[in-house]
Amino acid sequence: MSKSPNIFIPALGGTALIIGLAYGIASRDYGAGKIEILETRVQQVEAQASVASEKASAESERAAELEQMIAEVQAAAAERVSSEADLTTPAPRTGGSYGIGRAAHSEEIAVWDVDVLPNGRGLPVGSGNAFDGEEIFADKCASCHGDFAEGVDNWPVLAGGFDTLADEDPVKTVGSYWPYLSTAYDYIYRSMPFGEAGTLTPDETYAIVAYILYSNDLIDDEFDLSQANLGSFEMHNKDGFVVDDRPEQEYAKWREEPCMENCKEEVHVTMRSVFLVETPPESGSNSVMNHASAEGLPSFTSEGPSFIPVAVAKPTKQDEANAAPAVQETETEDEGVDLIAAGKKVFRKCQACHKVGDGAKNASGPQLNGLVGRTMGSTDDFKYSGVFLAAMEEGRVWDEAALAEFLAKPKSYMKGTKMAFSGLKKEADITAVTEYLKSFGE
Amino acid sequence: MDEMFKPSRRSFLRGSAAVAVGSAAGAAAAEGPDPLIADLQDWASYTGVGVDETPYGMPISFESHVVRRNVEWLTASPISSINFTPIHALDGTITPQGCAFERHHSGAIELSKQDYRLMINGLVDKPLVFTYDDIERLPRENHVYFCECAANTGMEWAGAQLNGAQFTHGMIHNMEYTGVPLRTLLSEAGADTSSDKWVYVEGADASSNGRSIPMEKALDDVLVAFKANGEALRMEHGYPVRLVVPGWEGNMWVKWLRRIEVTDMAVESREETSKYTDVYENGMARKWTWVMDAKSVITSPSPQMPIKHGPGQMVISGLAWSGHGQITRVDVSKDGGITWETARLGKQGDTKALTRFYLDTQWDGKPMLLQARAIDDTGYVQPTKGQLRERRGENSVYHNNCIQTWYVDAEGNAENVEVS
């Protein structure tokens, strides 16, 4: 806005120039005749100058007017900002309805709304006991949770741990920790088995829940668990929880203005990082134990560190490694690539239990590198079911035909397999996943 | 990649010579002209890559180490696991989607907008089903919020464990969300919104992760979001629609949101009983600890970000956040908490969003014990690990918002430590 008056400077300057010129010309002595002419011209120039001056004054009034308007707009904006009445208002709060969305069908609600409340509301009709549950559990759950719900590897332990909650490492199981049995039914029915969620029937679910209770010594194997008694079943740790008590216990206390100077006499390191974590250029991380001791480090006072440790060799050279660009893998452009890509997607159904690729290890299922051409049941250190051990004895080999038959109906091709997977329904999926598996050699 | 951009052996040698000079004495003190300036470089002579080389751009190859990383042994399987945002290498506050941490319970799923359905039922006048397009017709808002897993820094309850801000504090990201307020959908269905009601939310993936949210929060600032940082959510963050529960633990931010049920009690699902609860020393556990308290961490220097330039002028930088509101102040200590200096905030952070802080300071080349301490607009001061342990014992898994310490040695290398 300070720029706007400048627009008028050329106009005012021009007027002054014309007036100056006029007087200069009038002062010369050219004789009476010429004086008359000159007087006339002086009058003309004076008239022009007066017009120009009027114009200039009008223009400067206009400039002042504009400045006034700018000031008004700015004041209004400032007022809006200060009163927070800016234009970034939240989405309108509706009291009613925009009429968007359609009515949900009751059949749809029945399929999706299967959650179970702590009092058992939402349980479907059905029942099961631990005797039946044991077999279902062995078939569908034990590969991760163990035959006795004791947990395999890092997978959750479901049984035991009673009276450990106040210990250094509490064992939090369904039996020792879970406050409501409804949670077990709700979770197992909707989210288990891992990789095959949503396939259990209510009766199977009641039986599995009963088996977990049985593994925790909370019922005997003939106890029939059903929609009638599950909601009222009292869990061991039902009174073990308090609602968030931070407002009273922490927020009220941790609000004091903190210390800024001489807050402690001395500070020393009590513990160094247990792991040093290397970050390879490709991805992931490698943890190695840190053997350095805290004693090698200085203590601190307001004077600074007590000593400066002699430098030791750095643990990693990760920065140099990180700077190297990642190596791009080149794919050969044969028609197998599409099938392999499709197979990779199909393999998502398998990857919860089976690993492939560099360094693939046995998980809940055996690793599958070099599967086609491999003797059945022959992966080192994997606990196969009897039917696979028998197949190994017989020297049966995984060829594509055998694999296709197995993948279509695992439980009928290999009666007694631990594998919970129910099979691939589409032949195209079987072909694709076979190609994908073939892309991983030994 | 364009052939011309592959550095020749000669230019590589020249480049590394310059780096050696630079790190020994600082580039300004280099003897003689710097060949990177004095010699004509390939990139200043040949043409570069044309448009459309990468229709959706990735970071330049030199930044390929700035990626999410997991720690394999933490979980049983990468399908039900977590990885960490490379917070040590980022600046500002917005987390790019491509390196924002992921946590899945049954893997990330591919769910298209066409196949997407959202049901709202329970204590409502009209149970409804929305398509993705329906949601985009409702009034929407933009907000920046942090999403922090309740287990962020959880390993560190047991003492200094993992060496790197990415691993100790990387279960967090901060994005600008576009979404429809949950209250709009509740109103659309004619929900009973009295204060003793709950909203149970559930995902469409195989884990169908479900959490109960009290009605007061549901009506306040919860968003049904479909964009992050201006673009569609990534698959791993719940494409096409996720819930955003500002300031509350990440597990409640249900991805692939498929169902909202109004109930008269908490469902007490697995994720709100057996998980996301913390056991005290006496064996009692606390539940419904939804809010993420004020917390901060120095991201540089840190174990993955050593000081490389030697003594002199330097920047100590980090992040602070609070699930209760805005960060008003961050203090930094270089001596393990004896003396504190108030840091400069990069800009006033949004409520329930990350705030960047800087301490522009001189390093005397001596060892340091670096700490940061956040204060939020409720006056809450981030506690020490000692304060937390005294109150909660050592058997907690979640909600560890303690002051973090990095020991920096005279070489500028940093290590995760615990101090007295």
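As shown above, the structure is provided for reference.
Treat the numbers as computed from the prediction; the structure is a model and nothing was measured. By convention here, each chain's residues receive numbers from 1 onward along its written sequence. The lettering of chains begins at A and the numbering of ligands begins at 1, in the order of writing. Totals for whole chains, interfaces and linings use every residue, but because this is a predicted model, local features are given only for residues with pLDDT of at least 70 and side-chain atom pairs only at 80 or more, for both listing and counting. To obtain the side-chain values, all non-hydrogen atoms of the structure were included, while hydrogens and water were left out.

Enquirer: Before we go on, may I ask you to explain the overall build of chain A in this structure?
Expert: When you go through chain A residue by residue, the secondary structure sums to 14 helices and 9 strands. Between buried and exposed lies partly exposed: a residue is buried under 20% and exposed over 50% of the maximum accessible area for its type, with that area taken using a 1.4 Å probe on protein chains only. Out of the 442 residues in chain A, the part that is buried amounts to 36%. In these tables, accessible area is a Shrake-Rupley quantity obtained with a 1.4 Å probe, and a residue counts as shielded only by the protein chains included in the view. Counting every atom, chain A has about 26,500 Å² of accessible surface; 54% of that belongs to carbon and sulfur. Strands here mean DSSP runs of E at least two residues long; helices mean DSSP runs of H or I at least four residues long; both are numbered from the N terminus.

Enquirer: Can you walk me through empty space enclosed by the protein in this structure?
Expert: The gaps left among the atoms become clear once a water-sized probe is rolled over them. Residues and elements named next belong to chain B. Only protein atoms enter the 1 Å grid used here. Points where a 1.4 Å probe fits but cannot escape make up a cavity, open sets with protein on both sides within 12 Å along at least five of seven lines make up a pocket, and a residue lines them when an atom lies within 4 Å of a point. Grid points are joined across faces, edges and corners, and a volume is the space filled by probe spheres set on the points. All told, the structure shown has 5 cavities of 30 Å³ or more when counted by the stated rule. Reported here for the largest cavity is a volume of approximately 240 Å³. What lines the largest cavity is a set of 23 residues, and nearest its centre among them are Arg 103, Arg 242, Gly 250, Trp 253 and Lys 255. Looking at the lining of the largest cavity, its residues break down into 8 nonpolar, 9 polar and 6 charged. One number sums up the size of the second largest cavity: a volume of about 60 Å³. For the second largest cavity, the full set of lining residues is Ile 87, Leu 90, Asp 91, Gly 92, Thr 93, Ile 94, Thr 95, Leu 319, Leu 354 and Arg 356. Per-class residue counts for the lining of the second largest cavity are 5 nonpolar, 3 polar and 2 charged. The residues that make up the lining of the second largest cavity include at least three from each of domain 2 (77-286) and domain 3 (295-417). Three classes are used: nonpolar for Ala, Val, Leu, Ile, Met, Phe, Trp, Tyr, Cys and Pro, charged for Asp, Glu, Lys and Arg, and polar for all others, with Gly counted as polar. Throughout, the edges of the domains are those of an automatic or database domain assignment.

Enquirer: Explain the interface of chain A and chain B here, please?
Expert: A common measure of how large an interface is: the accessible area buried when the components associate. The contact criterion used throughout is that any non-hydrogen atoms of two residues lie within 4.5 Å. The interface is formed by 112 residues belonging to chain A together with 120 residues belonging to chain B. Each of two parts loses accessible area, computed with a 1.4 Å probe, when they are put together; buried area is these two losses added. In total, about 9,500 Å² of surface goes out of reach between chain A and chain B, with carbon and sulfur atoms giving 55% of it. The three residues of chain A that bury the most area against chain B are Ile 100, Trp 112 and Trp 254 of chain A, which together make up 10% of that side's buried surface. Just to be clear on terms, a salt bridge is a Lys or Arg side-chain nitrogen sitting within 4 Å of an Asp or Glu carboxyl oxygen. Our enumeration of links across chain A and chain B arrives at 11 salt bridges. A salt bridge links Asp 113 of chain A to Arg 259 of chain B; the nearest nitrogen and oxygen atoms lie 3.3 Å apart. Any N or O atom pair separated by 3.5 Å or less is treated as a polar contact, with the protein-specific requirement of one donor-capable and one acceptor-capable atom, and with residues adjacent in sequence counted only for side-chain atom pairs. Along the contact surface separating chain A from chain B lie 57 residue pairs in polar contact (both at pLDDT 80 or more). Ranked by the residues each element gives to the side of chain A that touches chain B, the list is headed by helix α6 (residues 181-191) of chain A, at 5 residues. Partitioning the side of chain A that touches chain B into residue classes produces 55 nonpolar, 27 polar and 30 charged. At least two bridges found by DSSP between two strands is the condition for calling them paired. Summarising the sheet, strand β1 (residues 102-103) of chain A and strand β4 (residues 128-131) of chain B pair through 2 bridges and their orientation is antiparallel. If you follow Ala 103 of chain A over to β4 of chain B, its bridge partner there is Leu 128 of chain B.

Enquirer: Explain the side chain of Gln 161 of chain B to me, please; I cannot follow it from the model alone.
Expert: Within the secondary structure, Gln 161 of chain B is located in the loop between β5 (141-148) and α4 (165-169). In this structure Gln 161 of chain B comes out as buried when scored by relative accessible area, which is 10%. Looking at Gln 161 of chain B, its side chain comes within polar contact range of the main-chain oxygen of Ala 158 of chain B, at 3.4 Å. What Gln 161 of chain B contacts, discounting residues up to four positions off in sequence, is Met 271, Ser 273, Val 274 and Phe 275 of chain A together with Met 155, Glu 156 and Asn 416 of chain B.

Enquirer: When you look at a negative patch on the surface in this model, what are you seeing that I'm missing?
Expert: Residue and element names in this part refer to chain A. Together, Asp 132, Glu 134, Glu 135, Asp 147, Glu 150, Asp 220, Glu 222 and Asp 224 make up a negatively charged patch on the protein surface. Here Asp 132 is to be found in helix α4 (residues 130-140). Residue class for Asp 132 comes out partly exposed when judged on its relative accessible area of 41%. Within the patch definition used here, like charges are joined within 9 Å and nonpolar side chains (Val, Leu, Ile, Met, Phe, Trp, Tyr) within 5 Å, considering only residues with over 30% relative accessible area and no salt bridge. Asp and Glu are treated as the negative residues and Lys and Arg as the positive ones, with His and the ends of the chain left uncounted. Charge coordinates come from a single atom per side chain, which is NZ of Lys, CZ of Arg, CG of Asp or CD of Glu.

Enquirer: Before we go on, may I ask you to explain the pairing of strand β3 (residues 117-122) of chain B in this structure?
Expert: Residues in a regular strand project their side chains so that they alternate between the two faces of the sheet. Residues and elements named next belong to chain B. Of the strand pairs in this sheet, β3 and β4 are connected by 4 bridges, and their pairing is antiparallel. Bridge pairing links Ile 120 to Leu 128 in β4. Taken together, the 4 bridges between β3 and strand β12 (residues 257-263) define a ladder with parallel strand orientation. By the bridge assignment for β12, Met 119 is matched with Arg 259.

Enquirer: Explanation requested: the nonpolar core in the structure shown.
Expert: One recurring pattern in soluble globular proteins is that nonpolar side chains are buried together. In this structure, Leu 118, Ile 120, Phe 130, Tyr 177, Leu 186, Leu 257 and Ile 260 of chain B are the most contacted members of the largest nonpolar core, which totals 100 residues. Two domains each donate at least three residues to this core, and these are domain 2 (77-286) and domain 3 (295-417) of chain B. Those residues within four positions of Ile 260 of chain B in sequence are excluded, and the remaining contacts are Leu 118, Met 119, Ile 120, Asn 121, Leu 182, Leu 185, Leu 186, Val 199, Tyr 200 and Val 201 of chain B. Listed in part, the 41 residues of the second largest apolar core include Tyr 187 and Leu 213 of chain A together with Ile 79 and Val 279 of chain B. Take the buried residues of types Ala, Val, Leu, Ile, Met, Phe, Trp, Tyr and Cys, join any two whose side-chain atoms come within 4.5 Å, and each joined set is a nonpolar core.

Enquirer: Which parts of the structure should I look at to understand unusual backbone geometry?
Expert: Comment: phi is negative for the bulk of residues other than glycine, and the bulk of peptide bonds are trans. With omega at 5°, the peptide bond leading from Tyr 239 of chain B into Pro 240 of chain B counts as cis. With an omega of 0°, the peptide bond running from Ser 300 of chain B to Pro 301 of chain B counts as cis. Here Pro 301 of chain B lies in the loop between β15 (295-300) and β16 (312-321). Notably, Ala 149 of chain A is not glycine yet its phi reads approximately 65°, a positive angle. For Ala 149 of chain A, the location among the structural elements is in the loop between α5 (142-145) and α6. For Ala 149 of chain A, a relative accessible area of 0% gives the class buried. In this structure, Ser 208 of chain B takes a positive phi of about 35° despite not being glycine.

Enquirer: In this structure, what is going on with α6 of chain A? I would like to understand it.
Expert: Since one α-helical turn is 3.6 residues long, residues separated by three or four positions face the same way. Of all 11 residues in α6 of chain A, 10 are buried; the element is thus mostly enclosed. Residues of α6 of chain A that are buried: Leu 181, Ser 182, Thr 183, Ala 184, Tyr 185, Asp 186, Tyr 187, Ile 188, Arg 190 and Ser 191 of chain A. Residues of α6 of chain A that are buried in the fold lie against α7 (202-215) and β3 (225-226) of chain A together with β7 (198-203) of chain B.

Enquirer: In this structure, what is going on with the packing of α6 of chain A against α7 of chain A? I would like to understand it.
Expert: Between two packed helices, both the angle of their axes relative to each other and the distance between the axes serve to describe the pair. Residues and elements named next belong to chain A. To define axes, lines are fitted to C-alpha atoms, for helices over the stretch in contact only, and angles between the resulting N-to-C directions are given on a 0 to 180 degree scale. Contact geometry of α6 with α7 gives a least axis separation of 10 Å together with a crossing angle of 130°. Taken together, α6 and α7 sit at an angle that is classed as oblique. Handedness of the crossing formed by α6 with α7: right-handed. Residues Leu 181, Ala 184, Tyr 185, Ile 188 and Tyr 189 of α6 touch α7, and the partners they reach there are Pro 202, Thr 205, Tyr 206, Ile 208, Val 209, Ile 212 and Leu 213. Of the residues belonging to the contact of α6 with α7, the class tally is 11 nonpolar, 1 polar and no charged. Convention used here: angles under 35 degrees read as roughly parallel, angles over 145 as roughly antiparallel, angles from 65 to 115 as roughly perpendicular, and any remaining angle as oblique. Crossing handedness is read from the near helix: turned anticlockwise from the far helix by less than a right angle, it gives a left-handed crossing, and turned clockwise, a right-handed one.

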